[in-house]
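# Structural overview for review
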Amino acid sequence: MSYLLEVINLKKSFGENEVLKDVNMKVKKGEVVVIIGPSGSGKSTLLRCINRLEEPTDGKILLDGVDITDKSIDINKVRQRIGMVFQQFNLFPHLTALQNVMLAPLKIKKMNKREAEETAIKLLNKVGLGDQINKYPAQLSGGQQQRVAIARALAMNPEVMLFDEVTSALDPELVKEVLDVMKQLAKDGMTMLVVTHEMGFAREVGDRLIFMDEGVIVEEGIPEEIFRNPKNPRTQKFLSVIL
Amino acid sequence: MAGVGQFDIDLFVRILPDLAFGAFVTLELTSLSILFGLIIGTIAGLARVSKNPVFFGVSTLYVEIIRGTPLLVQILIIYFGLPAIGINLRPEPAGIIALSICSGAYIAEIVRAGIESIPTGQMEAARSLGMSYLQAMRYVIFPQAFRNILPALGNEFIALLKDSSLLSVISIVELTRVGRQIVNTTFNAWTPFLGVALFYLMMTIPLSRLVDYSQKRLGTYEVK
Ligand SMILES: Nc1ncnc2c1ncn2[C@@H]1O[C@H](COP(=O)(O)OP(=O)(O)OP(=O)(O)O)[C@@H](O)[C@H]1O
Ligand SMILES: [Mg+2]
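The sections below set out a description of the structure shown in this document. (Residues numbered from 1 in each chain as written. Chains lettered and ligands numbered in written order. Predicted model: local features only at pLDDT ≥ 70, side-chain atom pairs only at ≥ 80, totals over all residues. Heavy atoms only, no water.)

### What to know about the packing of helix α4 (residues 91-116) of chain B against helix α6 (residues 133-163) of chain B
Residue and element names in this part refer to chain B. The contact between α4 and α6 brings their axes to 8 Å, and the two run at 135°. On the basis of the axis angle, α4 is oblique to α6. Where α4 crosses over α6, the two elements pack in a sense that is right-handed. Across the interface between the two elements, Leu-99, Ser-103, Tyr-106, Ile-107, Ile-110, Val-111, Gly-114 and Ile-115 of α4 pack against Met-137, Ile-141, Phe-142, Ala-145, Ile-149, Ala-152, Leu-153, Glu-156 and Leu-160 of α6. A per-class count over the contact of α4 with α6 returns 14 nonpolar, two polar and one charged. (Axes fitted to C-alpha atoms, helices over the stretch in contact; angles between N-to-C directions. Helix = DSSP H or I, 4+ residues; strand = E, 2+ residues; numbered from the N terminus. Parallel < 35°, antiparallel > 145°, perpendicular 65-115°, else oblique. Left-handed = near helix turned anticlockwise from the far one by under 90°. Contact = heavy atoms within 4.5 Å. Nonpolar A, V, L, I, M, F, W, Y, C, P; charged D, E, K, R; others polar.)

### Some details on helix α1 (residues 9-48) of chain B
At B:Ile15, α1(B) is bent by approximately 45°, the largest bend along its length, and proline B:Pro17 sits one to four residues beyond. The opening residue of α1(B) is B:Asp8, an N-cap whose side-chain oxygen sits 3.2 Å from the backbone nitrogen of B:Asp10. (Bend = angle between axes of the 7 residues up to and from the residue. Polar contact = N/O pair within 3.5 Å; in protein donor to acceptor, adjacent residues only side chain to side chain.)

### Quick look at the nonpolar core
Grouped together as the largest cluster of nonpolar side chains are 90 residues, with contacts concentrated most on A:Leu46, A:Ile50, A:Leu193 and B:Leu19. Apart from residues lying up to four places away in sequence, B:Leu19 is in contact with B:Phe12, B:Leu175, B:Val178, B:Ile182, B:Pro192, B:Gly195, B:Val196 and B:Phe199. One finds A:Leu91, A:Leu124, A:Val178 and A:Leu179 within the second-largest nonpolar core, a separate group that totals 52 residues. (Core = buried A, V, L, I, M, F, W, Y, C linked by side-chain atoms within 4.5 Å. Buried < 20%, exposed > 50% of the residue type's maximum accessible area, 1.4 Å probe, protein only.)

### Side note on a nonpolar patch on the surface
All names here are of chain B. Together, Phe-7, Ile-9, Val-13, Trp-190 and Leu-194 line one region of the surface with nonpolar side chains, adding up to about 470 Å² of accessible area. Listing elements by their share of the nonpolar patch, those giving two or more residues are α1 and α8 (190-217). Structurally, Trp-190 is set in helix α8. In this structure Trp-190 comes out as partly exposed when scored by relative accessible area, which is 44%. (Patch = residues over 30% accessible without salt bridge, like charges linked within 9 Å, V, L, I, M, F, W, Y side chains within 5 Å. Areas by Shrake-Rupley, 256 points an atom, 1.4 Å probe, with all protein chains shown as cover. Salt bridge = Lys/Arg side-chain N within 4 Å of Asp/Glu carboxyl O.)

### Some details on the site of ligand 1
Residues and elements named next belong to chain A. Near ligand 1 you find Phe-14, Asn-17, Val-19, Pro-38, Ser-39, Gly-40, Ser-41, Gly-42, Lys-43, Ser-44, Thr-45 and Glu-165, and these make up its full shell. Measuring from an oxygen atom of ligand 1, one finds a backbone N or O atom of Ser-41 at 3.2 Å. Measuring from an oxygen atom of ligand 1, one finds a backbone N or O atom of Gly-42 at 3.0 Å. For ligand 1, whose free accessible area comes to 640 Å², the fraction covered by protein is 59%. (Near = heavy atom within 4 Å.)

### Some words on unusual backbone geometry
Excluding glycine, most residues fall at negative phi; most peptide bonds, likewise, are trans. Residue and element names in this part refer to chain A. Phi at Lys-110 takes a positive value of approximately 55°, unusual for a residue other than glycine. For Lys-110, the location among the structural elements is in the loop between α3 (97-107) and α4 (113-126). By relative accessible area, which is 61% here, Lys-110 ends up exposed. Its identity as a non-glycine residue notwithstanding, Asn-157 has a phi of 55°, on the positive side.

### Examining the pattern of salt bridges
Residues and elements named next belong to chain A. Enumeration according to the criterion identifies 23 salt bridges over all chains in this entry. The partner of Arg-208 in a salt bridge is Glu-31, and the shortest N-O contact between them spans 3.0 Å. In this pair, Arg-208 is assigned in strand β9 (residues 208-213) and Glu-31 in the loop between β2 (17-27) and β3 (32-36), connecting sequence segments 177 residues apart. The class of Arg-208 is buried, set by a relative accessible area of 14%. The class for Glu-31 is buried, based on a relative accessible area of 11%. The shortest N-O distance in the salt bridge between Arg-234 and Asp-213 comes to 3.3 Å. Remark: Asp-213 occurs in strand β9 and Arg-234 occurs in helix α9 (residues 233-242); sequence separation between them is 21 residues. Arg-234 gets classed as partly exposed once you look at its relative accessible area, which sits at 34%. The class for Asp-213 is buried, based on a relative accessible area of 12%.

Shown next as structure tokens:
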């Protein structure tokens with residue numbers, strides 16, 4: 001079995017502070033991996049290393065067998081294959097929802113305008129915003145903005161999607177609409193790495209659960225089994241607080 | 001010495017065409033200089049936020065030197081100094097070069113502040129989509145930064161327009177020099193210089209109104 005994504009002996013330090021200490025992870029195509037762990041355990045840093053928004057200090061990251069930490073690799077090409085959605089949405093405020101989704105295909109893929117627009121409208125429909133395409137981010141609710149951000153990431157047709165606490169900045173009543181979009185995406189077969197505090201989502205959608213603490217993967221397995229029967233005392237402690 | 005110290009309406013009417021011509025030259029020199037200044041300032045501003053030590057070092061040195069010396073001295077060096085190393089410029093090109101280099105340094109700092117005013121998440125989102133650094137700057141950071149710095153650029157234009165009066169020392173016949181020439185031939189200082197001031201105001205007041213207006217309009221992105 002070959003893996004779509006392999007993280008091998010990954011280390012990351014900020015100055016003296018070693019945030020990732022030898023992380024290893026393998027993700028199959030179509031797999032949904034949910035990552036949980038206390039604040040500061042390195043979850044965001046792990047995701048950000050995978051698309052090299054942070055430069056790993058040591059280790060390898062293989063995408064489809066190719067080491068993307070290699071200095072000779074065209075990182076812009078690699079990032080087109082890895083979509084990312086952020087906690088703070090980071091939509092482009094000077095562009096409408098439609099323009100946000102169209103921008104990268106237009107400017108990077110050099111897609112023609114009509115094709116880019118058709119794709120963007122299709123994606124905005126998919127995330128349930130077909131009637132909001134000409135609104136600016138400031139005119140949309142947080143949940144709507146985050147769904148535009150998902151559509152924007154999907155527009156580059158990525159092979160993997162990274163989600164970093166994408167519902168944490170949302171009012172509780174807006175969380176479900178975003179999670180529903182992610183569930184649908186998982187059903188469609190997207191490979192996903194999801195950092196989240198939404199244990200319901202982890203249980204229902206996650207193929208695998210990873211618990212991180214202090215820069216290491218402490219425990220991993222089927223979500224339901226870990227929730228029911230966590231083996232590591234640190235996992236037990238974390239889950240007893242959060243569940 | 002009749003007339004000195006009194007406002008002479010007849011004289012004022014007679015010198016209006018000359019003053020208008022001077023104002024036109026001032027506006028022309030300033031506009032050209034701000035245009036070149038924008039190009040220099042954008043490149044230097046980008047270099048000022050660059051991680052490349054050479055770009056950063058050179059641009060920082062440029063900004064420090066220009067901001068640390070009087071514009072008058074810069075003008076004198078370019079017009080009277082450069083011939084010493086074999087570069088002879090006519091007054092107008094020398095003047096435009098001096099004003100462009102000078103405004104470029106101030107604009108560089110405006111551009112730098114504009115880029116830094118955009119949250120880092122914008123650059124990260126753009127890069128995560130696969131844009132290069134320059135693509136992200138061009139399509140995501142600059143359009144937002146430009147809105148934020150438009151009022152500051154307007155103020156820089158006004159400041160440069162007033163500072164261009166210094167070009168009179170290298171015998172460019174702009175508004176201030178026109179005024180001095182008239183004083184020399186009419187022996188009336190009061191009327192021509194008031195006229196000169198009036199013409200500066202006729203240019204700067206509408207400009208600063210425009211700056212105020214743009215500042216109010218540029219608050220949000222919804223209205224378009
Ligand atoms: N750019 C940075 N510079 C220095 N230290 C950083 C940087 N980014 C993260 N850190 C540190 O790395 C550690 C791990 O941070 P990270 O954001 O990966 O944690 P996290 O698991 O995502 O936490 P949270 O649940 O709060 O988002 C923290 O101690 C943080 O202070
Ligand atoms: Mg985090």
